[in-house]
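Understanding the architecture of this molecule
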Amino acid sequence: MDGAPFCVKVMLLSCGQFAVVRRCREKSSATEFAAKFIRKRRVASSRRGQPMADIEQEVDLLMQMAHQNVISLHDVFDNDVYVILVLEL
């Protein structure tokens, strides 16, 4: 992942049933962010992971919000297993 715009650090900030949050750094600016790795549900009948509709709803809400008490969304990445939300610290 040499071409990736962010470097994810090992430091775990938080973890839950469907997501893990780690500290990351944007390579171009050295700005630190939180990377929320949300596991996608691969099979509708599975209990593991979040349904894509729920993840898309969270992303849509974060993109619409602009308030000092709500964390701001910086970027979104998607792969086979996770949707990664890059959020302000």
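Before any of the text, the structure's been laid out above.
So, a few notes on the structure that sits alongside this text. The structure displayed is predicted, hence computed values, not measured ones.

So, on to the pairing of strand E4 (residues 73–78). With five bridges connecting them, E4 and strand E5 (residues 82–87) associate as antiparallel partners. Bridge pairing links Val76 to Leu85 in E5. Joining the antiparallel neighbours E4 and E5 is a turn of three residues.

The full count for this structure, using the stated rule, is three salt bridges. Note that Arg23 is salt-bridged to Glu32, the shortest N-O span being 3.1 Å. Residue classification places Arg23 among the partly exposed residues on the basis of a relative accessible area of 22%. For Glu58, the salt bridge identified is with Lys36, shortest N-O distance 2.8 Å. Residue Glu58 is located in helix H1 (residues 52–64), and its partner Lys36 is located in strand E3 (residues 32–39); the two are separated by 22 residues in the primary sequence. On the basis of relative accessibility, which here comes to 25%, the residue Glu58 falls in the partly exposed class.

Glancing now at the state of the cysteines. Under the defined criterion, the tally for this structure stands at zero disulfides. Free of any disulfide, Cys7 has its nearest cysteine sulfur in Cys24, 8.5 Å distant. For Cys7, a relative accessible area of 30% translates into the label partly exposed.

Taken in spatial order, the five strands of this open sheet run E1-E2-E3-E5-E4, and their pairing is antiparallel. Strands with a single pairing partner mark the edges of an open sheet, and in this sheet they are strand E1 (6–15) and E4. Strand after strand, the sheet turns through a mean of 25 degrees between neighbouring axes, direction not considered. By the bridge criterion, seven bridges tie strand E2 (residues 19–26) to E3 in an arrangement that is antiparallel. Across the sheet, residue Cys24 finds its bridge partner in E3, namely Phe33. In the packing of H1 onto the sheet, the strands contacted are E3, E4 and E5, and the crossing angle to E5 comes to about 15 degrees.

How each quantity is defined
Residues numbered from 1 in each chain as written. Predicted model: local features only at pLDDT ≥ 70, side-chain atom pairs only at ≥ 80, totals over all residues. Heavy atoms only, no water. Pairing = 2+ DSSP bridges. Helix = DSSP H or I, 4+ residues; strand = E, 2+ residues; numbered from the N terminus. Salt bridge = Lys/Arg side-chain N within 4 Å of Asp/Glu carboxyl O. Buried < 20%, exposed > 50% of the residue type's maximum accessible area, 1.4 Å probe, protein only. Disulfide = S-S within 2.5 Å. Axes fitted to C-alpha atoms, helices over the stretch in contact; angles between N-to-C directions. Contact = heavy atoms within 4.5 Å.

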